[in-house]
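What the coordinates show
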Amino acid sequence: MEIGRYHWMYRSSRPHRYHHVPALRGNISPLGIQGCFECCIKCLGGVPYASLVATILCFSGVALFCGCGHVALTGTVSILEQHFSTNASDHALLSEVIQLMQYVIYGIASFFFLYGIILLAEGFYTTSAVKELHGEFKTTACGRCISGMFVFLTYVLGVAWLGVFGFSAVPVFMFYNIWSTCEVIKSLQTNMTVPGDQICVDIRQYGIIPWNAVPGKACGPILENICNTNEFYMSYHLFIVACAGAGATVIALLIYMMATTYNYAVLKFKSREDCCTKF
């Protein structure tokens, strides 16, 4: 009896602890969980997945192109100075062009970082407007004009990056020719058929250094030693990665084109008063 009375007095002395528990349990209801679930589904429906994938692909491609391209250009200058053009005046113009390209790479990285974020934000805006996630559909002429401007600018950048992708394949082609020539020299030395001294690579034929550059070419064992250097190995593979990054950026811009064009077309169509009577 004493224990029961003590227990009853303990419960009655702190009644406020027992009045709030049913209230907390009452707030968690199946209707509340369903409403939260529907809200999450609605928010996920407003995510522009195409623009999100394109943004990730664009950031990755531009980062690979800019980072690897910058380091590969530095290694190329080192190879030219040590093995193909010992006179600094012969490749002075090439050094200035490469330095300018490295500064351009900095600008490209900064621009596409901002442009990708803007396009992703524009994708969120147009997707929410098209799907009418926040009530009745409303758009302005200024909003449609901005969407159209992004469509045009994305098309221009896509065409420009096709040229960048083709240009980035040129050093890959040059390094591949040098590497394949070194492999031929190694195979000849193994078979002992023709001396490798007769096989040369003349960099002057690519037009990157003048014809009066000394020595301008490398033959036999000298060429094989060039292929075995870390500068050649790193520059060759970094140019390949930079070319792949440019290709990824082209694909990202193509996805941007399709997404922005579709959103702009839907916004343009739904802004018409007789849009529901045209089908």
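Residues numbered from 1 in each chain as written. Predicted model: local features only at pLDDT ≥ 70, side-chain atom pairs only at ≥ 80, totals over all residues. Heavy atoms only, no water.

Going by an unreviewed UniProt entry, the protein chain carries the name Neuronal membrane glycoprotein M6-b isoform X2 and comes from Apteryx mantelli. Per UniProt, the protein chain carries the Subcellular location (unreviewed entry) text "Membrane". (UniProt positions renumbered as here; feature names shortened; annotations may be inferred.)

**Describing a nonpolar patch on the surface**
A contiguous nonpolar patch, built from F113, L114, I117 and I118 and spanning about 380 Å² of accessible area, is present on the exposed surface. Mapped onto the secondary structure, F113 falls in helix α5 (residues 92-130). In this structure F113 comes out as partly exposed when scored by relative accessible area, which is 46%. (Patch = residues over 30% accessible without salt bridge, like charges linked within 9 Å, V, L, I, M, F, W, Y side chains within 5 Å. Areas by Shrake-Rupley, 256 points an atom, 1.4 Å probe, with all protein chains shown as cover. Salt bridge = Lys/Arg side-chain N within 4 Å of Asp/Glu carboxyl O. Helix = DSSP H or I, 4+ residues; strand = E, 2+ residues; numbered from the N terminus. Buried < 20%, exposed > 50% of the residue type's maximum accessible area, 1.4 Å probe, protein only.)

**Digging into the pattern of salt bridges**
It is possible for side chains of opposite charge to pair when their charged atoms get near one another. According to the stated counting rule, one finds 2 salt bridges in the structure shown. Salt-bridge contacts for E183 lead to K186; the nearest nitrogen and oxygen are separated by 3.9 Å. Linking E183 with K186, this pair stays in helix α6 (residues 141-191), spanning 3 residues, or about one helical turn. A residue is classified by how much of its surface remains accessible, and E183, at 33% relative accessible area, is partly exposed. Here R204 makes a salt bridge to D202, at a shortest N to O gap of 3.0 Å. With relative accessibility at 18%, the residue D202 sits in the buried group.

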